[in-house]
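Architecture at a glance
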Amino acid sequence: DAVTLLGHAIWSCDPSDHEMYMGLGSELYGRGDVRGAHAAFRSALRLAPYSMDHANNVAACLIDMGQAREAVQILTFAERRNGGRNKSTWKTHINLASALAELQRLEASAER
């Protein structure tokens, strides 16, 4: 299947190719394997640390896994690290808003 082929491609071609991990993460996410996608997107981000696309994908997985606080940290760190080289995308703003809304919801639940 596609996931197996992508995994083989990464290891047989170039394990330092962040785009391969991006493709694997996208395939896994589309299949509902958020944890597997998160691992693949983290690998992509490690290899291309200035990629806002990779940071957004990691953050989206974290939000889905209930780790909104870490998603906020990833996105704000990525924006600071980029220092304006990569403009924030609409995805960054949506992911940041989703993570902050989730944190607010959790805090409101804790107060009850």
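Quick caveat, the model's predicted, so the values are computed rather than measured.

This part is about the pattern of salt bridges. Inspection of every chain in the model, using the stated rule, returns four salt bridges. The shortest N-O distance in the salt bridge between Glu-27 and Arg-31 comes to 2.7 Å. Here Arg-31 falls in the partly exposed class, since its relative accessible area comes to 46%.

Moving on to the environment of Ala-68. With respect to the helices, strands and loops of the structure, Ala-68 is situated in helix α5 (residues 68-82). In this structure, the C-alpha to C-alpha distance between Ala-68 and Ala-101, residues 33 residues apart in sequence, is 8.8 Å. Sequence-distant contacts of Ala-68, defined by excluding residues within four places in its chain, comprise Leu-62, Ala-99, Glu-102 and Leu-103.

Turning our eyes to something else, we now look at helix α3 (residues 34-47). Here α3 is 14 residues long and its end C-alpha atoms lie 20 Å apart, about the 20 Å a rise of 1.5 Å per residue gives. Within the sequence span of α3, burial applies to Val-34, Ala-37, His-38, Ala-40, Phe-41, Ser-43, Ala-44 and Leu-45. For α3, the secondary structure elements touched by its buried residues are α2 (18-30), α4 (52-64) and α5.

Conventions we followed
- Residues numbered from 1 in each chain as written.
- Predicted model: local features only at pLDDT ≥ 70, side-chain atom pairs only at ≥ 80, totals over all residues.
- Heavy atoms only, no water.
- Salt bridge = Lys/Arg side-chain N within 4 Å of Asp/Glu carboxyl O.
- Buried < 20%, exposed > 50% of the residue type's maximum accessible area, 1.4 Å probe, protein only.
- Helix = DSSP H or I, 4+ residues; strand = E, 2+ residues; numbered from the N terminus.
- Contact = heavy atoms within 4.5 Å.
- Expected span 1.5 Å × (residues − 1).

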